[in-house]
Amino acid sequence: MFSRLIENWNRKHLKDERFSFLFDLSESDEIVVFDCETTGLNPKKDEIISIGAVKVKGNKVLTNEALHLFVEQKKQINPESIMIHQIRHCDLENAIPVEEAIETFLHYIGNRTLVGYYLEFDVAMINKYIKPMLGITLPNKKEEVSAIYYDKKIARIPQGNIDLRFDTILEDLALPKLQAHDALNDAVMTAMMYLKLKGKPIINKID
Amino acid sequence: MIALLDNLKTHLPFSLLDDATFKTIEASSQIAYYPQDTVLIEEKTVPENVYVVIKGIVKAKEGEDLTDVYQNYDVFAAIELIRNKGSKDRYVVTQELICYEIPAEVFLDISKKNKEFKTYFLSTIMERMAFMKEKKNNMKSAEMMVARVDENILHSVCIVDADMPILDALKKLENSRAAAIIVENEFGYGIVTDADLRYYILHKEEDALVTISQIQSYPLISTEEDELLFNVLLLMTEHNIKHLPVVNENEKVIGILELSDLLSSLSHQSHLISVQMERAENIEEVIEAAKRVDVMVTLLHSRGVKSRYIAKMVSEIHKKMYAKLFTFVFPKSWHDHCTLVLLGSEGRGEQILRTDQDNALIFEDGFEPEEKEEMTLKFIEVLDAIGYPRCKGNVMVINPQWSKQVTAYKKDIASWVTAPDYKGLMNMAILFDTYAVAGNIDLFKTLRTYLMSKVKEHKEFLPYFARSIESFESPLGLFSRFIAADKAHKDEIDIKKGALFAIVHGVRALALEHGITKTNTTERIKALNDVGYMNKEDAHDLLETLEVLNSLRLHAQLEKLEAKKELDNYICLRTLGKLERDTLKEALKTVENFKKVVSYHFHLSMVS
């Protein structure tokens, strides 16, 4: 009930009617898995460097329609974060202004449900930009893969201490680990987790 | 690019494609997930995609018969699409599958444009194996021996005009980082090297030396591009020069060859090790040369040289090594009264990497030197120093059992043949693979003649001898599935027990029956073909199988050598590609057939 109320309130604040499709009520048979690489872990201070997103439809990851955006940086990227995401300044040659990236991203996701690993953070990063731009926060439905994983696991081992690290889940689901640590590949791996969690009710391995 | 797709680039046949083609694939393919028991392609339907397995297992079945299994990076449905025919098989997911799906029209378009890519799918396993080797490197063993001057080992040149002042020329030399100055005269080149500069420093005033042409060595001794490195080496040693300019067909200098580079590029080659071995004048030099063999093996294998040729080269070097050690270690008084023989894999000339030492001494009757114990120990210690692990079965000259007089060996043979027991049969097998490397070879020949005649007298011995080919089960189980060796070796098979032993021993038994004196398995197979026991096709199949098995084993052993692990005969199934797995399966099937043939031939079901 409240969620409906909040959504309406959110809708009222939309400044730019071009983006009203985000509030479209029609059901889509696709979801979007996305991931952001950022300059740090604080949504208030840090900036988006790149966004990777991929649609999932039925049992397929639509890698042929994948989205991989690089964002122009105003400040120098902090060397420590370069170590993590391995995006150097020279990799940002095809980078676009952040507003353009956000708009492209919004058109890509439409009203589809958003899926991610530690999605809260990625959503907060996007909201940071669309709040001043459009007056709203992302209205889409959200699904957290680590939560789906947790629910499946806890059903098997009720008192268990469940390790929710990305690599652990990947390994437990017997998924291939990709060396490349960029937004798109993380999104693809998360999409495979999602497919596998949705596709099979029981997780075989208990550790 | 999506990393999963990136990984494909290193796998045949995708390694044949260029980046633009990969972009096309990326822009059209999807990753799909299928739970267990999904039927991906029904019989008699044409598939809509080509599938590349990322994780999981898919089985192809014709009716209830399993025809193929696909796993990591294997591709399926390609042949059906190329032929545009309904699938003969049903493709079923037997372990949850994540795969890439490349749409049919995209795949067909690529295979239309890229002939090599298309041919790959239509080729037979043997052709693919050849393809793989060819891709590794086009070099053949023969070409190794006749390596030619090639631009890669040349240093850059510094060319100056004849009238340039000497100091200016030196500055130019320093900036260009070349090794010597080439002087361009009206008629041909000259060269200025360190020796000429020394002359300049000492004599510049008295000779009034100003321009570079005054101190040049002229005319220039040079060689042409594509000249044999061998000839170049001769030229350089003949004229005692360290820098040799290389000219192209238009007589233009393209670079300078330095003696040190030439030597190091030659140093990994077998004939040099062989020459080094021949020239060795003491034990230390023998050890030095012997230690370089492994490097040579690695190089040859990586260039795709067949393992039987590598084995041949290595065994030639080893024979020289043993002959040298025989002369250096054993006293002169011994030389005409005993023979040093190699047994087991060394005797067959099949030991490529040093897995163990198998050797023996045959003494003349009545010759029993006092210092025997001391000398044989010294011999073994030299082999230790080279890096040969000692023989676990103690088949070495320090064991009195393998270091005795001719008559004592004859007695052994007689008892082994007439009353065969396990140990006797094994010793017989070891002794039959004997190769004499040094000393009085006649002693060995006497023994071999005796052995052959004893076996002829006691034909009933042969089935007992052959029987041990049945001692190990095949690692290929029902429906052509691999059976892993044991718990300690998960996903691994022992290729020696599982396959090589059966060929080597089966061939050995047949050779013994036919009185063939060759010890090498390849040569024995050829000899069996010559005497008419085996037809050409069977011999060829067996040789190819032996090659596949040896090559896989060598590959695994080289990896272990590099990781400084103990050498064994296990090969890991997980690291094999589809092609290698299928080839291995074919090879194992041939081994099983051969075992049946041998078993029937010797009526093994009748002996127990």
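Residues numbered from 1 in each chain as written. Chains lettered and ligands numbered in written order. Predicted model: local features only at pLDDT ≥ 70, side-chain atom pairs only at ≥ 80, totals over all residues.

**Student:** With reference to specific residues and values, describe the overall build of chain B.
**Tutor:** Per the secondary structure count, chain B includes 25 helices and 18 strands. With 608 residues in all, chain B has 37% of them scored as buried. (Helix = DSSP H or I, 4+ residues; strand = E, 2+ residues; numbered from the N terminus. Buried ≥ 20, exposed ≤ 12 C-beta atoms within 10 Å, placed from the backbone.)

**Student:** A description of the pairing of strand β16 (residues 435–439) of chain B should follow, citing residues and the corresponding values.
**Tutor:** Residues and elements named next belong to chain B. Of all the five residues making up β16, four are buried; the element is thus mostly covered by neighbouring parts of the structure. With four bridges joining them, strand β13 (residues 338–342) and β16 adopt antiparallel strand pairing. Across the sheet, Leu-340 pairs through a bridge with Ala-438, a residue of β16. (Pairing = 2+ DSSP bridges.)

**Student:** Just give me the short version of the environment of Ala-587 of chain B, but keep the residues and values in it.
**Tutor:** Residues and elements named next belong to chain B. As for its position among the elements, Ala-587 is in helix α25 (residues 578–601). Taking the C-alpha atoms as reference points, Ala-587 and Leu-549, 38 residues apart in sequence, are found 7.3 Å from one another. The contacts of Ala-587, once residues within four sequence positions are left out, are Ala-499, Thr-545, Val-548 and Leu-549. (Contact = placed C-beta atoms within 7 Å.)

**Student:** Can you explain the packing of helix α24 (residues 536–562) of chain B against α25 of chain B? Please cite residues and give values.
**Tutor:** Residue and element names in this part refer to chain B. α25 packs onto α24 with a crossing angle of 130° between their chain directions and a minimal axis gap of 9 Å. Taken as axis vectors, α24 and α25 run oblique relative to one another. As for how α24 packs across α25, the hand of that crossing is left-handed. Counting all contacts with α24, which are made through Asp-541, Leu-542, Thr-545, Val-548, Leu-549 and Leu-552, the residues of α25 involved are Thr-583, Leu-584, Ala-587, Thr-590, Val-591 and Phe-594. Across the contact of α24 with α25, the residue classes tally to eight nonpolar, three polar and one charged. (Axes fitted to C-alpha atoms, helices over the stretch in contact; angles between N-to-C directions. Parallel < 35°, antiparallel > 145°, perpendicular 65-115°, else oblique. Left-handed = near helix turned anticlockwise from the far one by under 90°. Nonpolar A, V, L, I, M, F, W, Y, C, P; charged D, E, K, R; others polar.)

**Student:** Hey, could you go over the sheet that holds strand β9 (residues 189–192) of chain B for me, with residue numbers and the actual values?
**Tutor:** Residue and element names in this part refer to chain B. As summarised here, the arrangement of the three strands in space is β7-β8-β9, forming an open sheet in which the pairing is mixed. Looking at which strands have only one partner, the edges of the open sheet turn out to be β7 (158–161) and β9. Each neighbouring strand pair of the sheet contributes to a mean axis angle of 35°, computed without reference to strand direction. In this sheet, β9 lies alongside strand β8 (residues 181–184) in antiparallel orientation, the contact comprising four bridges. Residue pairing across strands places Ile-181 opposite Val-192, the latter belonging to β9.

**Student:** Could you give an account of the nonpolar core, naming the residues involved and the relevant values?
**Tutor:** Membership of the largest hydrophobic core comes to 99 residues, with the highest contact counts inside it found for Val-341, Ile-362, Ala-499 and Ile-503 of chain B. Looking at which domains feed residues into this core, each of domain 3 (283–445) and domain 4 (467–606) of chain B supplies at least three. Residues within four places of Ala-499 of chain B in sequence aside, it is in contact with Leu-549, Ala-587, Leu-588 and Val-591 of chain B. Counting 78 residues, the second largest nonpolar core, distinct from the first, contains Leu-114 and Met-192 of chain A together with Tyr-33 and Ile-41 of chain B. (Core = buried A, V, L, I, M, F, W, Y, C linked by C-beta atoms within 7 Å. Domains from an automatic or database assignment.)

**Student:** Kindly report on the sheet that holds strand β10 (residues 223–224) of chain B, identifying the contributing residues and their values.
**Tutor:** Pairing in this open sheet of three strands is mixed, and the strands run β10-β11-β12 (chain B) from one edge to the other. The sheet is open, and its two edges are formed by β10 and β12 (253–258) of chain B, each paired on a single side.

**Student:** Give a description of α25 of chain B that names residues and reports values.
**Tutor:** All names here are of chain B. With 24 residues, α25 should reach 34 Å at 1.5 Å per residue; the first-to-last C-alpha distance of 35 Å fits that figure. Within α25, burial applies to Lys-578, Glu-580, Thr-583, Leu-584, Ala-587, Leu-588, Thr-590, Val-591, Phe-594, Lys-595 and Val-598. A positive backbone phi angle near 50° is found at His-603, which sits one or two residues after α25. (Expected span 1.5 Å × (residues − 1).)

**Student:** Which residues make up the confidence of the model for chain A, and what are the values?
**Tutor:** Residue and element names in this part refer to chain A. When pLDDT is averaged across chain A, the result is 85; 87% of the residues are at 70 or more. For chain A, helix α2 (residues 79–85) is the element with the lowest average pLDDT, namely 65, and strand β4 (residues 113–116) is the one with the highest, namely 96. With pLDDT under 50 throughout, residues 201–207 is counted as low confidence; its partners more than four residues away or in other chains account for eight contacts. (pLDDT = per-residue confidence, 0-100.)

**Student:** Go over the confidence of the model for chain B with me, naming the residues and quoting the values.
**Tutor:** All names here are of chain B. Per-residue pLDDT for chain B averages 83, and the proportion of residues at 70 or more is 91%. Predicted confidence for residues 135–146 stays below pLDDT 50, and this span has 13 contacts to residues more than four positions away or in other chains. Interface confidence for the predicted complex, expressed as ipTM, amounts to 0.81; the pTM equals 0.53.

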